[in-house]
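# Working through the structure, step by step
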Amino acid sequence: MEKMWAGRTSGTTDSIADDFNSSIRFDCRMYRQDITGSMAHAAMLGAQGIIAQAESDQLIDGLQGILDDLESGALEFDMGCEDIHMFVEQVLTQRLGDVGKKLHTARSRNDQVALDLRMYLREEIDEISALVKAVLEAVVSQAEANKEVILPGYTHLQRAQPILFSHHLMAYAMMLLRDLGRLADCRKRMNVSPIGSCALAGTTYNTDRRFEAEKLGFDGIALNSIDGVSDRDFCVELMSALSTLMMHLSRFSEEIILWASWEFKFVELSDAYTTGSSIMPQKKNPDMAELVRGKTGRVYGDLMAMLTTLKGLPLAYNKDMQEDKEAVFDAVDTVKMCLKVFAPMLATMTSRPDNMKKAAQGGFINATDLADYLVKKGMPFRSAYKISGQLVAKCIAEGCVLETLPLETYRQYSDLFDEDLYQDIDLLTCVQKRISEGGTSVQSVEAQIAYVKEQLA
Ligand code: ARG
């Protein structure tokens, strides 16, 4: 079939060039946005008197028919077309004749593709945000179910101080809230209409770009037509937000993988989200968490591909920009899959407070509290720190813990020690005393849970 752009050239291209050039196999997923955008354009052309009102109505009906037929399966994509924009226009012209050829007045595919992609991605952002909220709900419900469960908090993966499991979980809630914020910010900047930029310079027709923008639910229009068709910041920004989100899910996954190991056994994953080994009968592998961790690299790759494609591109549109879609579609598809499996995996995970407690009882994680005890009795912190360290060394040498070291031994190090020290180094006391805002006390965790719930409501 003759190319729609045949004229200057014969429009007969080599089939290998056609395959290389065409994007319909991946941009066909934007058919709804493309058709809706065209309907708004047809309405604007009619309202402005650029085409007759009857022609505008005919175009809108024709476009609606194409949409219905694609949705019902009566019409299939023609993979021989260059892209979704050409496909819709071609079918419209086949169905309506010459009137169909009027649709492309005062617009170009460059603004169409920029428009479709923005409309497509803003919907994806809404879906992804809803999925992030589902993960957040799972985090909050686990935090509520494990509110007073104590485990060691780690730095350098060395036992550091006792914390509540709920406190640890709520750290991820804060990250996910920021991820939601980044997605919302990105959506705001994305929601600007490029339509009417035309190829790059604007148009000589008396168009109404704001009419179209409003019809399509945009907050405004691109104020520079060259920028309108050249800008792919919204893809970069989205993939950057998605990369950060994946980085959080990946850290969380890594911890779940560690916690589910026999070395920790802090949690047990539901059978529904684990796999077995083909050879080792005893295995229960945390594959879902591992895949989320693994797919993080893939999303970073999509972001890098986009940044690298754009780097060095002169204004305005260049065909390189067609590469935007596969990267950004892969990123949103991957993130959605990860979120869909992460939420139920987390919600069905069970904790093992007994093992967490056991781990918390080793490793002298109340040594800071022992130092704080002396500080409260008047000793400078540095001196108290030293004595506490010496007592830990003593315990290691004697094979005991701070809780079982006799008071006489304590007294050899400082006469500020009294019977009440045992109360102060009790793990529950250590946790409950961390009353600073954002600390690990039950009270603080409850405030965090309340805050997150309020943000979600
Ligand atoms: N398929 C193209 C893309 O995805 C649409 C824009 C084509 N514009 C052009 N001037 N060739 O980028």
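Per chain, the residues get numbers from 1 upward, laid out in the order the sequence is written. At least 70 in pLDDT is required for a residue's local features to be given in this predicted model, at least 80 for side-chain atom pairs to be given and counted, and no such filter applies to totals for whole chains, interfaces and linings, which use all residues. Remark: hydrogens and water are excluded; side-chain values derive from all non-hydrogen atoms of the structure.

Helix and strand assignments come from DSSP, with helices taken as H or I runs of at least 4 residues and strands as E runs of at least 2, each series counted from the N terminus. Helix and strand content of the chain: 19 helices and six strands. Taken along the three principal axes of its C-alpha coordinates, the chain extends 100 × 55 × 40 Å. Only protein chains enter the area calculation, which uses a 1.4 Å probe; residues under 20% of their type maximum are buried, those over 50% are exposed, and those in between are partly exposed. Here the chain holds 457 residues, and the buried ones make up 51% of them. Any pair of residues with heavy atoms lying within 4.5 Å of one another is described as a contacting pair. Contacts in the chain between residues at least 24 apart in sequence constitute 75% of all its contacts with a sequence separation of at least 6. Surface accessibility follows the Shrake-Rupley procedure with a 1.4 Å probe radius. Residue values consider only the protein chains on display as shielding. Carbon and sulfur atoms make up 53% of the accessible area of the chain, which amounts to about 21,500 Å² in all. Charge counting treats Lys and Arg as positive and Asp and Glu as negative, with His and both chain ends excluded. Lys charges are placed at NZ, Arg charges at CZ, Asp charges at CG and Glu charges at CD. When the 48 basic and 66 acidic side-chain charges of the chain are each reduced to a single mean position, those positions are 4 Å apart.

What follows is about the site of the ligand. With respect to spatial proximity, the complete set of residues near the ligand consists of Ser23, Asp27, Asp83, His85, Arg109, Asn110, Val113, Tyr317, Gln322 and Lys325. The separation between a nitrogen atom of the ligand and a polar side-chain atom of asparagine 110 is 2.9 Å. Within the complex, 87% of the 350 Å² of free accessible area of the ligand lies under protein. By residue number, the principal contributor to the shell around the ligand is helix α6 (residues 109-145), which donates three residues. Here the residues of the shell around the ligand are counted per class, giving two nonpolar, four polar and four charged. Here a residue is considered near a molecule or strand provided that any single heavy atom belonging to it is located within 4 Å of it. Polar contacts, as used here, are pairs of N or O atoms within 3.5 Å; protein pairs need one atom able to donate a hydrogen and one able to accept it. Residues neighboring in sequence count only if both atoms are side-chain atoms. Charged means Asp, Glu, Lys or Arg here, nonpolar means Ala, Val, Leu, Ile, Met, Phe, Trp, Tyr, Cys or Pro, and polar covers whatever is left, Gly included.

Of note, the bond from leucine 315 into alanine 316 is cis; its omega dihedral lies within 30 degrees of zero at 5°. Its location among the elements puts alanine 316 in the loop between α11 (287-310) and α12 (324-347). With a phi angle near 55°, leucine 157 is a residue other than glycine that sits in the positive phi range. Looking at the element boundaries, leucine 157 is found in the loop between β1 (150-155) and β2 (158-164). Phi is positive for phenylalanine 364, close to 55°, though the residue is something other than glycine. With respect to the helices and strands, the residue phenylalanine 364 is situated in the loop between α13 (353-361) and α14 (367-376).

In this structure, β1 lies alongside β2, joined through six bridges in antiparallel fashion. Residue pairing for β2: tyrosine 154 is matched across the bridge by arginine 159. At least two DSSP bridges between two strands are needed for those strands to be called paired.

This part is about the packing of α14 against helix α15 (residues 381-398). When two helices pack together, their arrangement is given by the angle between the helix axes and by the axis-to-axis distance. The axes are straight lines fitted to the C-alpha atoms, using for helices just the contacting stretch, and the angles between their N-to-C directions are given from 0 to 180°. Across the interface, α14 lies against α15 with an axial gap of 8 Å and an inter-helix angle of 135°. Here α14 is positioned oblique relative to α15, judged by the angle of their axes. Between α14 and α15 lies a crossing of right-handed hand. Residues Ala367, Leu370, Ala371, Asp372, Leu374 and Val375 of α14 lie in contact with α15, whose contacting residues are Phe381, Ala384, Tyr385, Ile387, Ser388, Leu391 and Val392. Tallied by class, residues from the contact of α14 with α15 come to 11 nonpolar, one polar and one charged. These descriptions rest on fixed angle ranges, namely under 35 degrees for roughly parallel, over 145 for roughly antiparallel, 65 to 115 for roughly perpendicular, and the rest for oblique. Throughout, a crossing is termed right-handed when the near helix is turned clockwise from the far one, and left-handed when it is turned anticlockwise from it by less than a right angle.

By convention, a stacked pair of Phe, Tyr or Trp rings (six-membered ring in the case of Trp) has centres within 6.5 Å and planes under 30 degrees apart, an edge-to-face pair has planes over 60 apart, and any other such pair is tilted. Here the structure, examined in full by the defined rule, presents 12 aromatic pairs. When the centroid spacing of 6.0 Å and the interplanar angle of 55° are considered together, the rings of tyrosine 154 and phenylalanine 264 count as tilted. Taken together, the residues tyrosine 154 in strand β1 and phenylalanine 264 in the loop between α10 (233-259) and β5 (267-268) connect sequence positions 110 residues apart. Residue classification places tyrosine 154 among the partly exposed residues on the basis of a relative accessible area of 27%. Ring centres of phenylalanine 165 and tryptophan 259 lie 5.3 Å apart, and the angle between their planes is 75°; this geometry places the pair in the edge-to-face category. With a gap of 94 residues between them, phenylalanine 165 in helix α7 (residues 165-190) and tryptophan 259 in helix α10 connect regions that are remote in the sequence. Aromatic rings pair up to connect Tyr373, Tyr410, Phe417 and Tyr422 into one cluster. Lysine NZ or arginine CZ positioned within 6 Å of the ring centre and within 35 degrees of the ring normal marks a charge as sitting over the ring. Its guanidinium or amino end placed over the ring of tryptophan 262, lysine 265 lies 4.7 Å from that ring's centre, counting from NZ or CZ. We note arginine 382 situated over the ring of tyrosine 385; from NZ or CZ to the ring centre the distance is 4.9 Å.

Their axes nearest at 9 Å, the elements α7 and α10 cross at an angle of 165°. The angle between the axes of α7 and α10 places the two elements in the roughly antiparallel class. In this structure, α7 crosses over α10, and the sense of that crossing is left-handed. By residue class, the composition of the contact of α7 with α10 is 16 nonpolar, three polar and seven charged.

Turning our attention to the environment of alanine 47. Positionally, alanine 47 belongs in helix α3 (residues 31-47). Owing to a relative accessible area of 48%, alanine 47 belongs among the partly exposed residues under this scheme. Among residues more than four places away in sequence, those in contact with alanine 47 are Gln53 and Phe211.

Moving on, we get to a nonpolar patch on the surface. On the surface, Leu200, Ile226 and Leu315 cluster together to form a nonpolar patch covering roughly 280 Å² of accessible area. By the secondary structure assignment, isoleucine 226 is in helix α9 (residues 225-230). Each patch is built from residues that are more than 30% exposed by relative accessible area and take part in no salt bridge. Like charges join if they lie within 9 Å; nonpolar side chains (Val, Leu, Ile, Met, Phe, Trp, Tyr) join within 5 Å. Any Lys or Arg side-chain nitrogen found within 4 Å of a carboxyl oxygen on Asp or Glu counts as a salt bridge.

A helix is expected to span 1.5 Å multiplied by its residue count minus one. Helix length check: α6, at 37 residues, gives a terminal C-alpha distance of 54 Å against a target of 54 Å (1.5 Å per residue), a fit within 8%. Here α6 lies mainly inside the structure; 26 of its 37 residues are buried. Capping the start of α6 is the job of one residue whose side-chain oxygen sits 2.9 Å from the backbone nitrogen of asparagine 110: serine 108.

To continue, consider helix α4 (residues 53-72). Here α4 spans 28 Å end to end across 20 residues, near enough to the 28 Å set by a 1.5 Å rise per residue. Residues of α4 that are buried: Glu55, Ser56, Leu59, Gly62, Leu63, Ile66, Leu67 and Leu70. Viewed along the axis of α4, the buried residues span an arc of 140°, placing them on a single side of the element. The outward face of α4, more than 90 degrees from its buried face, is lined by the exposed residues Ala54, Asp61 and Ser72. In this structure, the buried residues of α4 make contact with α3 and α5 (84-96). Within two residues after α4, glycine 73 carries a phi angle of roughly 90°, on the positive side. Think of the arc as the fan of directions from the helix axis to the C-beta atoms.

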